[in-house]
Every structure is written in C-alpha cells, then in structure tokens.
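Coordinate analysis (summary)
Listed below are the residues making up each chain.
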Amino acid sequence: MPLSERAAALRGTKELRSFAEPIELRAAADGDITFEGVASSVEKPYLVRDFLGEFTETIRDGAFDKTLKDRKSDIELFVNHDTNGVPLATRSSKTLTLEANPDLAVVASLDPDRSDVQILRSAISRGQMAKMSIGFQAIKQEWSADYSERSIFEAKIFEVSVVNRPANPHTSAAVRSLDELIHEITSGSYDEPQLRRAIAHLESLLPAEEAAEARNEEDPDVAYRLLMDLWAKRAA
C-alpha cells in the first residue's frame, strides 16, 4: 500500500496538552459551585517533547470552532483525565459550557455535595490544582519541512480536565526500544505526520552514509522501504 494511502487510512490519536492559565471556583446563587478556567490557549507557541525529540506547536485561532458547534458530540470535565471516573460536568447535562473567544474558555456548574468536588475545591484553594488540560485529536494540521514546527488548524475535543501537572502525551513512551518504534511505524498506529516524524527520527540514528540513499529518495514509499531494509540488516 502506498505511504499516502496507508497514512490516510490511519486513525488519529488522542493527545493531551496542559496550559498554565488561571482557574477559579466561586459559590453560585443557586448553591452550586461555579468553575471557570481556560483549557487551551491559541496562537501561543509552546514546546512539546515526545520520544522522537521536541517540536514547537501552535493551536491556531478557530481550531475549536467546528467541534464546539457539534452538539451531538458530548464534552466532559474530569480531574487529571480520569475518563473512567464520573465526570464533574458535561455539555449534555448543560452543566458545562465551552467557548472559543479566542482561547478555549470553560465554565462549569459543580455539585458541592460531591466529595470529589469538595476535594477539588480544597486543592484549587491551596494551589495544588492550578492548570487545565484538553484531550483532543488533531483533524487539520501542518508541519514544517523538518518537522520542528506543527500548527493545528482544527481539533476535536474529547474532554477537558483540571490537572496538577502538565500533560505530556508520550512520557511513558520515552523508554521505547527501536524495535518497538519500528513495530509501531509498520503496524499503522500513526497518522501521516507522526509516521514521517518517526521515519525522520530513525534516519537521524543511522550513520549519514547508510541513510543517504533513503534521505535523497524523493518517493516516500521507496525511502520508507530503504529505511526498513537498513534497520533489518542492522538487526540481523
């Protein structure tokens, strides 16, 4: 299967990003607790580190417009992305409101009788929970030629969270072996930009003279096969 067709068939992956924007809790007139925060900034470049290295990422203005207009897709509020737990608030229950203006602002009505809300309230007041984070999938994106910069023009939001430390989507992947990396490249678990970054990373690990033919090959499918052949010979 050509690389372009294989990449198009890949499913997008859920990613996590955290932002050090202010959050606030206050008592509401109806007895509930109102939570306010910013789940994502836009047009502010930030550094992302993963097991392939690091790159600068920017979520562009308007990236969340389409997902916010889709009322059939629910968005939930959690603590530390614990999506197996009971959400603190949801759009479907009208206890969670999100607005891109242009940053992604979050307003939630929380039940003060819930023990987890009481714990969250205490943690926020003590400065122990001071950030918000989003779980999203990049729908439309562009990478620079050297994969050092990524711009996200459209993102689908799955959930937003109050977090106590920044989210790095590949922290556990930092210790992956080369065999595991090659397996992931060939198994179809990456979208096209991730696949191209992974291949570029493998090229960078090879001696220049060994990788020269693959680097100079204009056809990405041929370059991909040459690179896999090189790693197969080194593993033999």
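Data block above holds the structure.
Thresholds applied
- Residues numbered from 1 in each chain as written.
- Predicted model: local features only at pLDDT ≥ 70, side-chain atom pairs only at ≥ 80, totals over all residues.
- Heavy atoms only, no water.
- Buried < 20%, exposed > 50% of the residue type's maximum accessible area, 1.4 Å probe, protein only.
- Helix = DSSP H or I, 4+ residues; strand = E, 2+ residues; numbered from the N terminus.
- Pairing = 2+ DSSP bridges.
- Core = buried A, V, L, I, M, F, W, Y, C linked by side-chain atoms within 4.5 Å.
- Contact = heavy atoms within 4.5 Å.
- Patch = residues over 30% accessible without salt bridge, like charges linked within 9 Å, V, L, I, M, F, W, Y side chains within 5 Å.
- Areas by Shrake-Rupley, 256 points an atom, 1.4 Å probe, with all protein chains shown as cover.
- Salt bridge = Lys/Arg side-chain N within 4 Å of Asp/Glu carboxyl O.
- Lys, Arg positive; Asp, Glu negative; His and termini not counted.
- Charge placed at Lys NZ, Arg CZ, Asp CG, Glu CD.

To continue, consider the pairing of strand S3 (residues 33–40). Where burial is concerned, most of S3 is hidden: seven out of the eight residues are buried. Where strand S2 (residues 24–27) lies against S3, four bridges are found, and the strand directions are antiparallel. Paired with Ala-27 across the two strands is Ile-33, which belongs to S3. Hairpin connection from S2 to S3: five residues lie between these consecutive antiparallel strands, with Gly-31 at a positive phi of about 95°.

With that settled, the discussion passes to the nonpolar core. When a protein is soluble and globular, its nonpolar side chains tend to lie buried together. In this structure, Phe-35, Ile-59, Phe-64, Leu-77, Leu-110, Ile-134 and Val-160 are the most contacted members of the largest nonpolar core, which totals 39 residues. Looking at this core, the elements with two or more residues in it are S3, strand S4 (46–50), strand S5 (53–59), strand S8 (96–100), strand S9 (104–110), helix H3 (115–125), strand S10 (131–143) and strand S11 (149–163). Excluding its chain neighbours within four sequence positions, the residues that come into contact with Val-160 are Ala-39, Ile-75, Glu-76, Leu-77, Phe-78, Leu-98, Val-106, Met-132, Ser-133 and Ile-134. By size, the runner-up hydrophobic cluster in this structure holds eight residues, among which are Ile-199, Leu-202, Leu-227 and Met-228.

What follows covers the environment of Val-79. Turning to its location among the elements, Val-79 is positioned in strand S6 (residues 76–79). Between the alpha carbons of Val-79 and Met-129 there is a distance of 9.3 Å; along the sequence they are 50 residues apart. With near-sequence residues (within four places) excluded, Val-79 lies in contact with Leu-88, Leu-120, Met-129, Ser-161 and Val-162.

What follows covers a negative patch on the surface. A cluster of acidic side chains, namely Glu-213, Glu-217, Glu-218 and Asp-219, defines a negative patch on the protein surface. Position of Asp-219 relative to the elements: it lies in the loop between helix H6 (208–216) and helix H7 (220–235). Taking relative accessible area as the criterion, Asp-219 reaches 33% and is therefore assigned partly exposed.

Bringing unusual backbone geometry into the picture now. Most of the time, phi is negative for any residue but glycine, and the peptide bond is trans. Of note, the amide linkage connecting Asn-101 to Pro-102 takes the cis form, showing an omega dihedral of -15°. Looking at the secondary structure, you find Pro-102 in the loop between S8 and S9. Even without a glycine there, the phi angle at His-81 is positive, about 60°. Position of His-81 among the secondary structure elements: in the loop between S6 and strand S7 (89–90). Look at His-81 and you get buried, because its relative accessible area is 15%. In this structure, Lys-94 takes a positive phi of about 65° despite not being glycine. The topology assignment puts Lys-94 in the loop between S7 and S8.

Turning to the pattern of salt bridges, a few remarks are in order. Pairing between side chains of opposite charge can happen when their charged atoms approach one another. Tallied over the full model, the rule gives seven salt bridges. Here Glu-15 and Arg-150 are joined by a salt bridge, their closest N and O atoms 2.8 Å apart. Residue Glu-15 is located in strand S1 (residues 15–19), and its partner Arg-150 is located in strand S11; the two are separated by 135 residues in the primary sequence. Taking the relative accessible area as the measure of exposure, Arg-150 reaches 4% and is therefore buried. For the salt bridge of Arg-17 with Glu-57, the shortest nitrogen-to-oxygen distance reads 2.6 Å. Of the two residues, Arg-17 is situated in strand S1 and Glu-57 in strand S5; the sequence distance between them amounts to 40 residues. Accessibility classification places Arg-17 together with Glu-57 in one group, the buried group. By sharing partners, the salt bridges in this structure join Glu-15, Arg-17, Glu-57 and Arg-150 into a single network.

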